[in-house]
Amino acid sequence: MGVKVITPATQQIPTADLRAHCRIDPVEPTTDAVVDAQLAGFLAAAVGYAEHYTQRSIGSQTLELALDAFPAGAIELERGPVTAITSIKYIDTSGVEQTLSNTLYTLDDYGLVPSVRLVAGASWPSTQVVANAVKVRRVPRQLLRASLVSHMHSASAQHRDGRWPCHDQPTPSCHVAH
């Protein structure tokens, strides 16, 4: 079982907002381009860390969950919440890729972990015994940009004030410089 990013999210916070938050004034075009690239890299790393830590997706993207077979019950979807199921495809016992009709399943997005559940009377089809025989594509619900910026400011303030230590080692070299 694994999750693959099919369509990656775009940068969630504009570079101008990052510059303002970090209190970085424009210097000159060549230097600014280098600083902007570093900021984009830092943001990508922070988003990656936040997605791993929270098991939630940040930004609009398409994800695909691959399973070796359909489960006995519901298909749990990591990195929720989920806005929509794009498709459920599987390799049937003859080795042909099929798309499961969306009338046979429903998205249960009320629990802590969203899941795909069969409708009453339906059953998962049989699949060929191969790796990644079942693929569920979905679109996670994204945080609103204002919410993301608010969380960024809050996390930065906690880090700066020593309430969010780096690598669990509260050291002065770990604090955000202003």
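Let me begin by describing the structure that accompanies this report. (Residues numbered from 1 in each chain as written. Predicted model: local features only at pLDDT ≥ 70, side-chain atom pairs only at ≥ 80, totals over all residues. Heavy atoms only, no water.)

### What about the sheet that holds strand β2 (residues 62-67)?
The strand order β1-β2-β8-β4-β5 describes an open sheet built from five strands, whose pairing is antiparallel. Only two strands of the sheet have a single partner each, and these edge strands are β1 (2-7) and β5 (97-99). The mean angle between the axes of side-by-side strands here comes to 25 degrees, regardless of whether they run parallel or antiparallel. As judged from the three bridges shared by strand β4 (residues 82-91) and β5, these two strands associate in the antiparallel manner. By the bridge assignment for β5, K89 is matched with T99. (Pairing = 2+ DSSP bridges. Helix = DSSP H or I, 4+ residues; strand = E, 2+ residues; numbered from the N terminus. Axes fitted to C-alpha atoms, helices over the stretch in contact; angles between N-to-C directions.)

### Things to note about unusual backbone geometry
One non-glycine residue, R23, lies in positive phi territory at about 55 degrees. Structurally, R23 can be placed in the loop between α1 (15-21) and α2 (29-54). A positive phi angle, close to 60 degrees, is found at N132, a residue other than glycine. Here N132 lies in the loop between β7 (115-118) and β8 (134-140).

### Some words on the pairing of β4
Consecutive side chains of a regular strand alternate in pointing toward one face of the sheet and then the other. With seven bridges connecting them, β4 and β8 associate as antiparallel partners. Bridging across to β8, I88 finds its partner in V136. The loop that links β4 with its antiparallel partner β5 comprises five residues; one of these, G95, has a positive phi angle of about 90 degrees.

### Quick notes on the packing of aromatic side chains
Counted by the stated rule, this structure contains three aromatic pairs. With 5.6 Å between their ring centres and 65 degrees between their planes, F70 and Y90 make a pair best called edge-to-face. Of this pair, F70 sits in the loop between β2 and β3 (75-76) while Y90 sits in strand β4, and the two are 20 residues apart along the sequence. Here F70 falls in the buried class, since its relative accessible area comes to 12%. Taking the centre distance of 4.7 Å and the plane angle of 5 degrees together, the rings of F70 and W124 count as stacked. Of this pair, F70 sits in the loop between β2 and β3 while W124 sits in the loop between β7 and β8, and the two are 54 residues apart along the sequence. Neither residue differs from the other here; F70 and W124 are each classed as buried. Through a chain of ring-to-ring contacts, the aromatic side chains of F70, Y90 and W124 assemble into a single cluster. (Phe/Tyr/Trp six-rings, centres within 6.5 Å; stacked < 30°, edge-to-face > 60°. Buried < 20%, exposed > 50% of the residue type's maximum accessible area, 1.4 Å probe, protein only.)

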